[in-house]
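Given next are the chains, with one letter for each unit.
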Amino acid sequence: MKVGIFGRGRLGTTIAHEFGQAPNWELLWHVDRGEDPGAKVDVAIDASVSNAVPSHLDWAVATSTDLVIGTTGWTLPNLAAQINGHIGVLVAPNFSLSVALMARLSTVLGRFAALDETLDPYLLEHHHRAKMDAPSGTAKRLAAAVIEGCPRKTKWTLGSPGANELNIAVLRAGSEFGMHTVGLDGPAETLSVVHQARSRALFAQGALRAAAWLRGRKGLHTFDEVAAEVLAPLFDSLFSTPSTPEL
Ligand SMILES: NC(=O)c1ccc[n+]([C@@H]2O[C@H](COP(=O)([O-])OP(=O)(O)OC[C@H]3O[C@@H](n4cnc5c(N)ncnc54)[C@H](OP(=O)(O)O)[C@@H]3O)[C@@H](O)[C@H]2O)c1
């Protein structure tokens, strides 16, 4: 598989390092700001900055190159129309399978909060001081998952929340790769799910998994679809298998 990478920052460099350990993968080019992509590749991976994503997408359509977008902090409302089934594009605000699992759990937490108005769902994220966008793409994804499960929350907010708003608290400090907490806070109990990335290699491996998955597929896809193939069986029969309680 021939690959090109946009962005020689923290994420792009970590993805490039993975190529040494992946025998069937070939990194043909790795460009930064102001540099042009080289030879034709099977898939390009965007690990750059939000304002560069539209031009990388234009390039992908013009050169018929499939594109995995790991960069966060951008919105393109007409993305599906722009691609028009011509190429494959996979959008992944987080390349971790565990975070994809956390998104599913967040919807379940949201559904649980929907049963009891005294339970407040919330989100907390911490990233290193150089991260440009806030809240993180992952926090927005997790917030959408909670809201999907809890109809009384219709949108998220960074400030003091109204009754229909899900509060996201953002911390930018130090060297943290990425920590996300989705929780429920009620008068008698709290429940939270925490994910903390320990290494960027996690994201790099997920980027290659996404690139492999995208091969041969056209149209707009998300990392959630990649993860669903692994995660869906984990949810089978959760409530139908009798378990013997230990007392
Ligand atoms: N999906 C995931 O799992 C995941 C994980 C981690 C991070 N991210 C996201 O990935 C993106 C990159 O993160 P990072 O930590 O690597 O940021 P970073 O260290 O700031 O790296 C971004 C790099 O992109 C370069 N760049 C700017 N414009 C470009 C262009 N037009 N073409 C190619 N490269 C360009 C920057 O160069 P200059 O320094 O000259 O601007 C910089 O070297 C961010 O949006 C981040 O939120 C996603």
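Computed from a predicted structure; not experimentally measured. (Residues numbered from 1 in each chain as written. Predicted model: local features only at pLDDT ≥ 70, side-chain atom pairs only at ≥ 80, totals over all residues.)

Visitor: Go over the domain arrangement of the protein chain with me, naming the residues and quoting the values.
Guide: You can read the domains of the protein chain as domain 1 (2-95 + 201-233) and domain 2 (97-196). Between the C-alpha centres of domain 1 and domain 2 there is a distance of 26 Å. Contacts between the two partners involve eleven residues from domain 1 and, on the opposite side, twelve residues from domain 2. Here the side of domain 1 that touches domain 2 gets five residues from one element, more than from any other, and that element is helix H7 (residues 223-231). Looking at the side of domain 1 that touches domain 2, its residues break down into five nonpolar, five polar and one charged. (Domains from an automatic or database assignment. Contact = placed C-beta atoms within 7 Å. Helix = DSSP H or I, 4+ residues; strand = E, 2+ residues; numbered from the N terminus. Nonpolar A, V, L, I, M, F, W, Y, C, P; charged D, E, K, R; others polar.)

Visitor: Can you lay out the nonpolar core for me, pointing to particular residues and giving the numbers?
Guide: The biggest cluster of nonpolar side chains holds 54 residues, and the ones touching the most others in it are Ile 45, Val 68, Ala 207 and Ala 210. Broken down by element, this core gets its largest block of residues, seven residues, from helix H6 (residues 201-214). Mapping this core onto the domain boundaries places at least three of its residues in each of domain 1 (2-95 + 201-233) and domain 2 (97-196). Apart from residues no more than four positions distant in its own chain, Val 68 is found in contact with Val 43, Ile 45, Asp 46, Leu 90, Ala 92, Ala 207, Ala 210, Ala 211 and Leu 214. (Core = buried A, V, L, I, M, F, W, Y, C linked by C-beta atoms within 7 Å. Buried ≥ 20, exposed ≤ 12 C-beta atoms within 10 Å, placed from the backbone.)

Visitor: Let's hear about unusual backbone geometry: which residues, and what values?
Guide: Here Ala 134 and Pro 135 are connected by a cis peptide whose omega angle stands at -5 degrees. Mapped onto the elements of the fold, Pro 135 is located in the loop between strand E6 (120-127) and helix H5 (137-149). The phi dihedral of Ser 64 falls on the positive side, at around 55 degrees, and the residue is not glycine. You can call Ser 64 exposed: it has 9 C-beta atoms within 10 Å.

Visitor: I'd like a description of the sheet that holds strand E1 (residues 2-6), backed by residues and values.
Guide: With parallel pairing, six strands are arranged side by side in an open sheet as E2-E1-E3-E4-E5-E11. Each edge of the open sheet carries a strand with a single partner, namely strand E2 (26-31) and strand E11 (219-222). The mean angle between the axes of side-by-side strands here comes to 20 degrees, regardless of whether they run parallel or antiparallel. In the sheet, E1 pairs with strand E3 (residues 43-46) via four bridges, with the strands oriented parallel. Across the sheet, residue Phe 6 finds its bridge partner in E3, namely Asp 46. (Pairing = 2+ DSSP bridges. Axes fitted to C-alpha atoms, helices over the stretch in contact; angles between N-to-C directions.)

Visitor: Please set out the site of the ligand residue by residue, giving values where relevant.
Guide: Around the ligand lies a shell of 24 residues, among which Gly 7, Gly 9, Leu 11, Ala 52 and Gly 70 are the nearest. In terms of residue count, helix H1 (residues 10-18) provides more of the shell around the ligand than any other element does, three residues in total. Residues that form the shell around the ligand fall into these classes: ten nonpolar, ten polar and four charged. (Near = placed C-beta within 6 Å.)

Visitor: Describe the sheet that holds E6, naming the residues involved and giving the relevant values.
Guide: Picture the strands of a sheet paired through backbone hydrogen bonds; they go either parallel or antiparallel. Read from one edge of the open sheet, five strands run E7-E8-E6-E9-E10, paired in mixed fashion. A single partner strand is all that each edge strand has here, and the edge strands are strand E7 (155-157) and strand E10 (190-196). Strand-to-strand twist of the sheet, defined as the mean angle between neighbouring strand axes without regard to direction, takes the value 20 degrees. Across seven bridges, the pairing between E6 and strand E9 (residues 179-185) is antiparallel.

Visitor: Residues and numbers for the packing of helix H4 (residues 97-114) against H5, please.
Guide: At a minimum axis distance of 6 Å, the contact between H4 and H5 shows a crossing angle of 35 degrees. Note that H4 runs across H5; the crossing there is right-handed. Along its contact with H4, which presents Val 99, Met 102, Ala 103, Ser 106, Thr 107, Val 108, Leu 109, Gly 110, Arg 111 and Ala 114, the element H5 presents Thr 138, Arg 141, Leu 142, Ala 145, Val 146, Ile 147, Glu 148 and Gly 149. Of the residues that constitute the contact of H4 with H5, the class distribution is ten nonpolar, five polar and three charged. (Left-handed = near helix turned anticlockwise from the far one by under 90°.)

Visitor: Explain the pairing of E1 to me, using residue names and the numbers behind them.
Guide: Of all five residues in E1, four are buried; the element is thus mostly enclosed. Looking at chain direction, E1 and E2 are connected through five bridges and run parallel. Counterpart to Val 3 in the pairing with E2 is Leu 27. As for the winding sense of the linkage, the β-α-β connection from E1 through H1 to E2 is right-handed. (Right-handed = clockwise from strand over helix to strand, strands pointing away.)

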